[in-house]
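If you want the building blocks of each chain, they are given just below.
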There are 2 protein chains.
Amino acid sequence: MSSNHVVTFNQARRVAIFGGTHGNEMSGVTLVNLWMGNGGEIRRKGVETKPFITNPKAVEKCSRYVDTDLNRAFTAENLSAPGGKDLPYEVQRAQEINRMFGPKGSADAYDVIFDLHNTTSNMGCTLILESSKDHFNLQMMSYIKKAIAPASCPVLLNEDPRLKYATVRSVAKHSVGLEVGPQPQGVLRSNIFEAMRIILKHALDFIELFNEGVEFPPCTVDVFKVSERMDYPRDANGNIIAMVHPNLQDCDWEPLTPGDPMFQTFDGKTIPYEGVGAVYPTFINEAAYYEKQQAFVTTRREALAANAIRKV
Amino acid sequence: MSSNHVVTFNQARRVAIFGGTHGNEMSGVTLVNLWMGNGGEIRRKGVETKPFITNPKAVEKCSRYVDTDLNRAFTAENLSAPGGKDLPYEVQRAQEINRMFGPKGSADAYDVIFDLHNTTSNMGCTLILESSKDHFNLQMMSYIKKAIAPASCPVLLNEDPRLKYATVRSVAKHSVGLEVGPQPQGVLRSNIFEAMRIILKHALDFIELFNEGVEFPPCTVDVFKVSERMDYPRDANGNIIAMVHPNLQDCDWEPLTPGDPMFQTFDGKTIPYEGVGAVYPTFINEAAYYEKQQAFVTTRREALAANAIRKV
């Protein structure tokens, strides 16, 4: 596909905004509840925008999940599993969501799903992209980046089959994750709340412009491509024996080069990074990833070419 | 009791360090586990120091508690409740801890219990005092404040019967709460970990000096006395309708005067503080206190006089 080619898409008539996929990530829970009460702010011409709480039981408990992580549950196996009420709560919920907003991979699926997340990591406003070939999403992210400049809005590309996971938003034709931090679990901070709200505003503005027939010219989008998961150093019993080094803590998106401090053991020793070349760590010291044996992920920078797009 | 009077206490031979009273407050959990493996760092002449995980089931789940908040469970009623294995887990645990380290209020109780907590609030290293008449604790806190200067170490006095609660540490003759933040639940940050560790070092040094016969002269300790609990603004259904104002967020221990911004509603309106005189808010936007209907507590500054102390 050459960069001169204009890619066409149908209008994005059906858009969903998901909150509470993790029940203790309060910005999305609060925004979605607010918009369910009064949708004026997310209304756009020619678009039906549906705010939706994906994991109401986890929201009620203010916990990440009840039985299993909903944002890893949208596998083909889960979505077709028999068992009904005997299935884990989040698997049942995944099937319901797939019926309402999918089916995943079908022509009937919603056009766009935004899934709102918070992180304890110092990631700012991060957009998560699941495919480097999705020119609609690339153009949307380019639009958002320009709209909020000089504030920054990193794009995290997670398409490596070894590392990507079956997200709630993957039900849609175009899936957009929004990860805003730092914010502790169970806490609502006004700065994080407002930052998330502004990203959504620009995203919906983009969709309205697209639907109105605006053609977006070819562009380049700088992304951070997920490269490797890094676990905490552990002893033979699996217990953590070191913390994220103070020089790395809160330094999401900053370069980590071989020899730089990475972990600090409880007796004060520094463990340096020993990989090849500079990487850009993110999700540094995210609370929810201790159970996933992940201290951070490394990323590498890439510039993705987005073709021009316009509606069919 | 005049300030010239020297108060005498028995040597503090039995000291406990509690971690995991809230299972998702990781600095205390990690330090106590570390010291259970190797106690060299907390060993002092003539003192038996016992590191102890108070709520192991909550630690395993990485949640604040299993059935009920252990740090509110040490009421006379709970400690004498019949029921055995049918009682809520934390009530059973309170009875066990009371047998091991108490009984509360008796001559057999441990001399000193340190209880290690983290908060999502920007409280730095805070010492929590439960009685303005405990000259041993006042002297210890004065010692710690001097030892870590110019770093600061606020003392929070919570002795108002309307506001204080039946803590785990209340089992001891001298109970010391240590609250270090900001740190998200479920996260271990190296700066918070090391800050907590240093406070404990100085506290144990003080006990060793006291046991050796050092007399500590009269002194004055500046404290922040808990005054009032402030809830979030809510609608008729009890739902929160405003957040901590960005001007107040992270400003624990700084003066809040009438007219200052206190909350920000979701539609951007500012709700000012309308109390009488300056107060010093703390526990601002603590994750665990949403369920307790508390956005922050106000405190007022006081200078407490501590008598000279020495061992009997």
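Residues numbered from 1 in each chain as written. Chains lettered and ligands numbered in written order. Predicted model: local features only at pLDDT ≥ 70, side-chain atom pairs only at ≥ 80, totals over all residues. Heavy atoms only, no water.

**Observations concerning empty space enclosed by the protein**
Residues and elements named next belong to chain A. According to the stated counting rule, one finds 3 cavities of 30 Å³ or more in the structure shown. Here the largest cavity defines a volume of roughly 100 Å³. Around the largest cavity, the lining comprises 15 residues; the ones closest to its centre are His22, Arg64, His117, Glu179 and Tyr289. For the lining of the largest cavity, the residue count by class is 4 nonpolar, 5 polar and 6 charged. (1 Å grid on protein atoms, 1.4 Å probe; cavity = no way out; pocket = protein on both sides within 12 Å on 5 of 7 lines; lining within 4 Å. Points joined across faces, edges and corners; volume = space filled by probe spheres on them. Nonpolar A, V, L, I, M, F, W, Y, C, P; charged D, E, K, R; others polar.)

**Section: the relation of the copies chain A and chain B**
Note on the identical chains: chain A maps onto chain B by a rotation of 180° and an axial translation of 0.0 Å, with an RMSD of 0.0 Å. Here the symmetry operator amounts to a two-fold rotation axis. Ranked by how close their C-alpha atoms come to the rotation axis, the residues of chain A are headed by proline 184 of chain A, at 2.3 Å. A symmetric contact is evident, with 100% of the interface residues of chain A recurring at the interface of chain B. (Least-squares fit on C-alpha atoms with pLDDT ≥ 70 in both. Contact = heavy atoms within 4.5 Å.)

**Structural notes on the packing of helix 1 (residues 26–37) of chain A against helix 6 (residues 190–212) of chain A**
Axes are the key here: two packed helices are described by the angle between their axes and the distance separating the axes. All names here are of chain A. Running from N to C, helix 1 and helix 6 cross one another at 60°; their axes reach a closest spacing of 9 Å. By the angle between their directions, the pair helix 1 and helix 6 is classed as oblique. Considering how the two elements wind past one another, helix 1 and helix 6 form a crossing that is right-handed. Listed contacts from helix 6 to Ser27, Gly28, Thr30, Leu31, Leu34 and Trp35 of helix 1 are Ile192, Phe193, Met196, Arg197 and Leu200. When the residues that make up the contact of helix 1 with helix 6 are grouped by side-chain class, the tally is 7 nonpolar, 3 polar and 1 charged. (Axes fitted to C-alpha atoms, helices over the stretch in contact; angles between N-to-C directions. Helix = DSSP H or I, 4+ residues; strand = E, 2+ residues; numbered from the N terminus. Parallel < 35°, antiparallel > 145°, perpendicular 65-115°, else oblique. Left-handed = near helix turned anticlockwise from the far one by under 90°.)

**Things to note about the interface of chain A and chain B**
Counting residues at the interface gives 24 residues for chain A, matched by 24 residues for chain B. Buried area between chain A and chain B, both sides added, is near 2,000 Å², and the carbon and sulfur share of it is 57%. Linking chain A to chain B there are 2 salt bridges. A salt bridge links arginine 189 of chain B to aspartate 250 of chain A, with the shortest nitrogen-to-oxygen separation between them at 2.7 Å. Taken together, the links from chain A to chain B amount to 8 residue pairs in polar contact (both at pLDDT 80 or more). Broken down by secondary-structure element, the contributors of at least two residues to the side of chain A that touches chain B are helix 1, helix 6 and strand 9 (242–244) of chain A. Tallied by class, residues from the side of chain A that touches chain B come to 11 nonpolar, 9 polar and 4 charged. (Buried area = accessible area lost by both parts, 1.4 Å probe. Salt bridge = Lys/Arg side-chain N within 4 Å of Asp/Glu carboxyl O. Polar contact = N/O pair within 3.5 Å; in protein donor to acceptor, adjacent residues only side chain to side chain.)

**Thoughts on the pattern of salt bridges**
Residues and elements named next belong to chain A. A complete count under the given rule lists 38 salt bridges over all chains for this structure. The partner of lysine 45 in a salt bridge is glutamate 212, with the nearest N and O atoms 3.1 Å apart. Here lysine 45, found in the loop between helix 1 and strand 3 (48–53), pairs with glutamate 212, found in helix 6; they are 167 residues apart in sequence, far enough to count as distant. Lysine 45 sits in the exposed class, given a relative accessible area of 58%. (Buried < 20%, exposed > 50% of the residue type's maximum accessible area, 1.4 Å probe, protein only.)

**What about the state of the cysteines?**
Under the counting rule described, the total for this entry stands at 0 disulfides over all chains. Looking at the unpaired cysteine 62 of chain B, the closest cysteine sulfur is the one in cysteine 62 of chain A, lying at 13 Å. The exposure class of cysteine 62 of chain B is partly exposed, given its relative accessible area of 35%. Cysteine 125 of chain B supplies the cysteine sulfur nearest to cysteine 153 of chain B, a cysteine that is in no disulfide, at a spacing of 6.0 Å. Overall, the relative accessible area of 3% leaves cysteine 153 of chain B in the buried class. (Disulfide = S-S within 2.5 Å.)

**Considering the UniProt feature "binding site: N-acetyl-L-aspartate" (unreviewed entry) in chain A**
Residue and element names in this part refer to chain A. The sites that carry the UniProt feature "binding site: N-acetyl-L-aspartate" (unreviewed entry) are, in the present numbering, Arg64, Glu179 and Tyr289. Among the annotated residues just listed, those that line the largest cavity are Arg64, Glu179 and Tyr289. Mapping glutamate 179 onto the fold places it in strand 7 (residues 174–181). In this structure glutamate 179 comes out as buried when scored by relative accessible area, which is 7%. Those residues in contact with glutamate 179 that sit more than four places away from it in its chain are His117, Asn118, Thr119, Met123, Gly124, Cys125, Thr126, Ile128 and Phe283. Following the sequence through the fold, tyrosine 289 ends up in the loop between strand 11 (270–272) and strand 12 (296–306). (UniProt positions renumbered as here; feature names shortened; annotations may be inferred.)

**Things to note about helix 6 (residues 190–212) of chain B**
Along its 23 residues, helix 6 of chain B runs 33 Å from first to last C-alpha, staying within 8% of the 33 Å computed at 1.5 Å per residue. Positive phi appears at glycine 213 of chain B, one or two residues downstream of helix 6 of chain B, with a value of about 110°. (Expected span 1.5 Å × (residues − 1).)

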